[in-house]
Amino acid sequence: SFCSARPPCAARISASYPSTGILMLTADETQVAVKTALRAGAREYLSKLTEMDRVATAILDVAARRDARAPDRGTGFIWSFYGTKGGAGTTTLAINTAVALARLRHKVLLVDLDLLHGDCGFYLDMPQRRSGGRLLAELEELEAVDAEKVELAVRRWQPGAGEGLELWLLESPGALVAQGPRTEANLTLLLEFLASLYDYVIVDLPPGRLLEPAAVPVLDLSERLFLVHN
């Protein structure tokens, strides 16, 4: 893959997709730039000014040296939906988006962050179980999160025989949840981990103030925020 001289970008690619070979092509030939790029994960570093004739050879060399068997961690996209008023409009759009992405063969997680009145499961016609409620209800005390804990908390949507969609739901606890100084940090930890497991994390935010502890991390991490006019 070509990548301009953006070490943070290269570092993220290397961490998330270690099987990808990175070739830096830039006009910056300083020793500091070269070392920074190589530390960030670039396999080769070429100058636009003096080495353009080596590009084809360098691509083949980088491809030969990459570890194609390295497991990719992945970086899921977080999309959040917010409406100022209560009602089904925002939730419906969040659910429809999640279903559409799943039908495009993406692995999708729908997070019902309306902790008190969440009803994503109801609109998906899923039997009430609140399996994910405990994970969201204990945000303030959350010490660590791992794949096993997430697997126990989420439920897969089964719309009909033969569809086999990868759409999962992390339900609202449907109860008052204590939110304190650790809520934001722990929710950030949880969302970042979820983004490593799924292609898309769709968050149905509760109506009301966007500066609540349970909403701020979502806004910070969201690639897209959909504001719904109810």
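Residues numbered from 1 in each chain as written. Predicted model: local features only at pLDDT ≥ 70, side-chain atom pairs only at ≥ 80, totals over all residues. Heavy atoms only, no water.

## Quick word on the overall build of the protein
Here comes step 1: When its secondary structure is counted, the protein shows nine helices and nine strands.
Here comes step 2: Put simply, the protein has 230 residues, and 43% of those count as buried.
Here comes step 3: For the protein, the accessible surface area stands at approximately 12500 Å², while carbon and sulfur atoms represent 55% of it. (Helix = DSSP H or I, 4+ residues; strand = E, 2+ residues; numbered from the N terminus. Buried < 20%, exposed > 50% of the residue type's maximum accessible area, 1.4 Å probe, protein only. Areas by Shrake-Rupley, 256 points an atom, 1.4 Å probe, with all protein chains shown as cover.)

## Notes on the nonpolar core
One broad trend across soluble globular proteins is that nonpolar side chains are buried collectively.
Here comes step 1: Counting 29 residues, the largest nonpolar core has Leu113, Leu170, Leu190, Leu194 and Val203 as its most contacted members.
Here comes step 2: Every element with two or more residues in this core is listed here: β4 (77–83), β5 (108–112), α6 (133–137), α7 (147–153), β7 (167–170), α8 (183–197) and β8 (200–204).
Here comes step 3: The leading source of residues in this core is α8, at five residues.
Here comes step 4: Within the second largest apolar cluster, 19 residues are counted, among which are Ala102, Val108, Leu167 and Ile202. (Core = buried A, V, L, I, M, F, W, Y, C linked by side-chain atoms within 4.5 Å.)

## As for the packing of aromatic side chains
Here comes step 1: Tallied over the entire structure, the rule returns five aromatic pairs.
Here comes step 2: Centroid distance Phe77 to Tyr200: 5.4 Å. Interplanar angle 35 degrees. Geometry classified as tilted. In this pair, Phe77 sits in strand β4 while Tyr200 sits in strand β8, placing the two residues 123 residues apart along the sequence.
Here comes step 3: Classification of Phe77 as partly exposed rests on a relative accessible area of 36%.
Here comes step 4: Relative accessible area serves as the criterion here: at 12%, Tyr200 is assigned to the buried category.
Here comes step 5: Ring centres of Phe122 and Tyr123 lie 5.4 Å apart, and the angle between their planes is 75 degrees; on these two criteria the pair is classed as edge-to-face.
Here comes step 6: Residue classification places Phe122 among the exposed residues on the basis of a relative accessible area of 63%.
Here comes step 7: Residue classification places Tyr123 among the partly exposed positions, given a relative accessible area of 39%.
Here comes step 8: Each residue in the set Phe77, Trp79, Phe81, Tyr200 and Phe226 is aromatic and connected to the rest through ring pairs, giving one cluster.
Here comes step 9: Stacked on the ring of Tyr198, the Lys or Arg Lys107 has its end atom at 5.1 Å from the ring centre. (Phe/Tyr/Trp six-rings, centres within 6.5 Å; stacked < 30°, edge-to-face > 60°. Lys NZ or Arg CZ within 6 Å of the ring centre and 35° of its normal.)

## Considerations on the sheet that holds strand β6 (residues 155–156)
Here comes step 1: Pairing in this open sheet of six strands is mixed, and the strands run β6-β7-β5-β8-β4-β9 from one edge to the other. Both edges of this open sheet fall to β6 and β9 (224–228), since each of them pairs with a single strand only.
Here comes step 2: Alignment of β6 against β7, held across two bridges, turns out to be antiparallel. What sits directly across from Arg155, in β7, is Leu169.
Here comes step 3: Contacting β4, β5, β7 and β8, α8 runs over the sheet at an angle of about 140 degrees to β8. (Pairing = 2+ DSSP bridges. Contact = heavy atoms within 4.5 Å. Axes fitted to C-alpha atoms, helices over the stretch in contact; angles between N-to-C directions.)

## So, unusual backbone geometry
The bulk of non-glycine residues show a negative phi, and the bulk of peptide bonds are trans.
Here comes step 1: Its identity as a non-glycine residue notwithstanding, Arg105 has a phi of 75 degrees, on the positive side.
Here comes step 2: Take Arg105: it is sitting in the loop between α4 (88–103) and β5.
Here comes step 3: Look at Arg105 and you get exposed, because its relative accessible area is 59%.
Here comes step 4: With phi around 60 degrees, Asp125 is a residue other than glycine that occupies positive phi space.
Here comes step 5: Residue position: Asp125 is located in the loop between α5 (120–123) and α6.
Here comes step 6: When its relative accessible area of 69% is taken as the criterion, Asp125 is described as exposed.

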